[in-house]
Amino acid sequence: NAGVTQTPKFQVLKTGQSMTLQCAQDMNHNSMYWYRQDPGMGLRLIYYSASEGTTDKGEVPNGYNVSRLNKREFSLRLESAAPSQTSVYFCASRKTGENTEAFFGQGTRLTVV
Amino acid sequence: AQSVTQLGSHVSVSEGALVLLRCNYSSSVPPYLFWYVQYPNQGLQLLLKYTSAATLVKGINGFEAEFKKSETSFHLTKPSAHMSDAAEYFCAVSDDSYNKLIFGAGTRLAVHP
């Protein structure tokens, strides 16, 4: 039972490079989320997807794009990485329409130099 | 918009002492509240959640939280701290449609002998 799987676990980018963070869940959840975690700021919601085919902006969407490829997969893309995007990124999933817990991946530690 | 505020970014207690981590929410309607824990270099896992069935909610590892509407609070407590409780704790609130999950800034708990 894999739960929520994120790849890669670590990444170093140069300023201006692009990359896609991958996330997949095997729990048949409708809702998926991308957060970034920075010291002293907790987890801030970047984008979320309440169901396949829909995506919405969260608290800090600038500089990011997302794709809900299918029910299982939700990817986060940085088109032109900036040092301010150095962070730990977490993907999560949960059932939609219910007050249920979110399940988290192990995170991706991204450094932009 | 729903939000939560965690008072105290760092809390330090002695082993065996009471743990009290504070969380206040802002909501015009009954909120759906959660406490998550994050151990070093790991993702988040659910400690407990408030579902309106009871104001005192018991979670894993001996933690509990009390929902107080008059104080708009959902503080997390544990009667006796253990060294293994050292972690970062996050309070979170779900919006009315259950789609968004918004986190507080987190409280890092240190437990010393």
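Here the structure is shown first, and the text comes after it.
Scope of this entry: the structure provided in the associated data block. What you see is a predicted model, and the numbers here were worked out from it, not measured in a lab.

**Here we look at the sheet that holds strand E1 (residues 4-7) of chain A**
Residue and element names in this part refer to chain A. Read from one edge to the other, the open sheet built from 4 strands follows the order E1-E3-E8-E7, with strand pairing classed as antiparallel. Taken across any chain shown, the strands that pair with only one partner, and hence form the sheet edges, are E1 and strand E7 (65-68). Along the sheet, successive strands turn relative to each other by an average axial angle of 15°, direction set aside. Looking at chain direction, E1 and strand E3 (residues 19-25) are connected through 4 bridges and run antiparallel. Paired with Thr-5 across the strands is Ala-24, a residue of E3.

**Remarks on the packing of aromatic side chains**
As enumerated under the stated definition, the model contains 14 aromatic pairs over all chains in all. Centroid distance Tyr35(A) to Phe103(B): 5.3 Å. Interplanar angle 90°. Geometry classified as edge-to-face. Of this pair, Tyr35(A) sits in strand E4 (residues 31-38) while Phe103(B) sits in strand E10 (residues 101-103), placing the two residues on different chains. Pairing Tyr50(B) with Phe67(B) gives two aromatic rings, centres 4.1 Å apart and planes at 15°, and the pair type is stacked. Of this pair, Tyr50(B) sits in the loop between strand E5 (44-49) and strand E6 (56-58) while Phe67(B) sits in strand E7 (residues 64-68), placing them 17 residues apart in sequence. Look at Tyr50(B) and you get buried, because its relative accessible area is 7%. Site record: aromatic cluster; members linked through ring pairs are Tyr33(A), Tyr35(A), Tyr48(A), Phe104(A), Phe34(B), Tyr36(B), Phe90(B) and Phe103(B).

**Some points on the pairing of E7(A)**
All names here are of chain A. Side chains of E7 alternate between two faces, with Val-66 and Arg-68 buried and Asn-65 and Ser-67 left unburied. Both E7 and strand E8 (residues 74-78) contribute to a ladder of 4 bridges, which runs antiparallel. Looking at E8, one finds that Asn-65 is bridged to Arg-77. Taken together, E7 and the strand that follows it, E8, pair antiparallel across an intervening segment of 5 residues.

**Quick word on the interface of chain B and chain A**
Taken together, the contacts link 24 residues of chain B with 26 residues of chain A. Summed over both partners, the interface of chain B with chain A comes to about 1900 Å²; 52% of that surface belongs to carbon and sulfur atoms. Counting every contact that joins chain B to chain A gives 0 salt bridges. Of all the secondary-structure elements, those providing two or more residues to the side of chain B that touches chain A are strand E4 (32-38), E5, strand E9 (87-94) and E10 of chain B. Among the elements that take part in the side of chain B that touches chain A, E4(B) stands out by supplying 4 residues, more than any other. Considered class by class, the residues forming the side of chain B that touches chain A number 12 nonpolar, 9 polar and 3 charged.

**Examining the pattern of salt bridges**
With the rule as written, the count across this model stands at 6 salt bridges over all chains. Between Glu64(B) and Lys58(B) there is a salt bridge; the shortest N-O distance is 2.8 Å. On the basis of relative accessible area, Glu64(B) is assigned to the partly exposed category, the value being 22%. Among the charged side chains, a network of salt bridges with common partners joins Arg36(A), Asp38(A) and Arg44(A).

Rules used in this analysis
- Residues numbered from 1 in each chain as written.
- Chains lettered and ligands numbered in written order.
- Predicted model: local features only at pLDDT ≥ 70, side-chain atom pairs only at ≥ 80, totals over all residues.
- Heavy atoms only, no water.
- Pairing = 2+ DSSP bridges.
- Helix = DSSP H or I, 4+ residues; strand = E, 2+ residues; numbered from the N terminus.
- Axes fitted to C-alpha atoms, helices over the stretch in contact; angles between N-to-C directions.
- Phe/Tyr/Trp six-rings, centres within 6.5 Å; stacked < 30°, edge-to-face > 60°.
- Buried < 20%, exposed > 50% of the residue type's maximum accessible area, 1.4 Å probe, protein only.
- Contact = heavy atoms within 4.5 Å.
- Buried area = accessible area lost by both parts, 1.4 Å probe.
- Salt bridge = Lys/Arg side-chain N within 4 Å of Asp/Glu carboxyl O.
- Nonpolar A, V, L, I, M, F, W, Y, C, P; charged D, E, K, R; others polar.

Purely spatial values, then, with no claim about function.
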